[in-house]
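Working through the structure, step by step
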Amino acid sequence: MRPHYVVKTNAARVLDKLGIKYELREYEVDPDDLSAETVAAKVGLPPEQLFKTLAVRGDRNGIHLAVIPANEELDFKTLARRTGDRKIDMVP
């Protein structure tokens, strides 16, 4: 029998360092459907309570992280204005 262990994300490690309490929820990953809405359903949370972190690159100010509710889409124009960039693209 294989031992069961939990793999912590970098975000969980940061929360540990800061002493912030959180709850890890495990779920079966489907590589063909990585949508935040699907993950929310699998862990039993409404999508607005689950957040996705998106890495983007601005044409003037480099890489930024956008954290948005799972049921929302990133507004690239608004983010570009707020970061002082003219254009924002997803980091591959």
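Residues numbered from 1 in each chain as written. Predicted model: local features only at pLDDT ≥ 70, side-chain atom pairs only at ≥ 80, totals over all residues. Heavy atoms only, no water.

Let us look at the sheet that holds strand β3 (residues 88–90). Taken together, three strands build an open sheet; the order of strands is β2-β1-β3 and the sheet is antiparallel. Only two strands of the sheet have a single partner each, and these edge strands are β2 (62–69) and β3. Adjacent strand axes in the sheet meet at a mean angle of 40°, parallel and antiparallel pairs treated alike. Direction of pairing for strand β1 (residues 51–58) relative to β3: antiparallel, over a ladder of three bridges. Its bridge partner being in β3, R57 is matched across the sheet by D89. Contacts between helix α3 (residues 76–83) and the sheet are confined to β1, β2 and β3, with β3 contributing the most and set at about 120° to the helix. (Pairing = 2+ DSSP bridges. Helix = DSSP H or I, 4+ residues; strand = E, 2+ residues; numbered from the N terminus. Axes fitted to C-alpha atoms, helices over the stretch in contact; angles between N-to-C directions. Contact = heavy atoms within 4.5 Å.)

Let's shift gears to the side chain of D85. By secondary structure assignment, the location of D85 is in the loop between α3 and β3. Despite its burial, D85 pairs with no opposite charge; the closest candidate is R60, at 6.1 Å N-O. A distance of 2.6 Å separates a polar atom in the side chain of D85 from a polar atom in the side chain of T83. Ignoring any residue separated from it by four or fewer positions in sequence, one finds D85 in contact with G58, D59, R60, N61, G62, H64 and A80. (Buried < 20%, exposed > 50% of the residue type's maximum accessible area, 1.4 Å probe, protein only. Lys, Arg positive; Asp, Glu negative; His and termini not counted. Salt bridge = Lys/Arg side-chain N within 4 Å of Asp/Glu carboxyl O. Polar contact = N/O pair within 3.5 Å; in protein donor to acceptor, adjacent residues only side chain to side chain.)

Glancing now at α3. All of the buried residues along α3 are L79, A80 and T83. The buried residues of α3 occupy an angular sector of 100° when the element is viewed end-on, so they sit on one face. Facing away from the buried surface of α3 by more than 90 degrees, the exposed residues are K77, R81 and R82. Where α3 is buried, its residues contact β1, β2 and β3. With a side-chain oxygen lying 3.2 Å from the backbone nitrogen of K77, the N-terminal cap of α3 falls on D75. (Arc of directions from axis to C-beta.)

Further remarks concern a nonpolar patch on the surface. Taken together, V14, L18 and I20 make up a surface patch of nonpolar side chains, about 280 Å² in accessible area. Here L18 is to be found in helix α1 (residues 10–18). By relative accessible area, L18 is classed as exposed at 58%. (Patch = residues over 30% accessible without salt bridge, like charges linked within 9 Å, V, L, I, M, F, W, Y side chains within 5 Å. Areas by Shrake-Rupley, 256 points an atom, 1.4 Å probe, with all protein chains shown as cover.)

Turning next to the pattern of salt bridges. Using the criterion set out here, one finds four salt bridges in the structure. Ionic pairing is found between K8 and D16, a salt bridge with its closest N-O pair at 2.7 Å. Across the pair D59 and R86 runs a salt bridge, and its minimum N-O distance is 2.8 Å. Within this pair, whereas D59 is found in the loop between β1 and β2, its partner R86 is found in the loop between α3 and β3, the two being separated by 27 residues in sequence. What makes D59 partly exposed here is its relative accessible area of 37%.

Function cannot be inferred from these measures alone, as they are strictly geometric.
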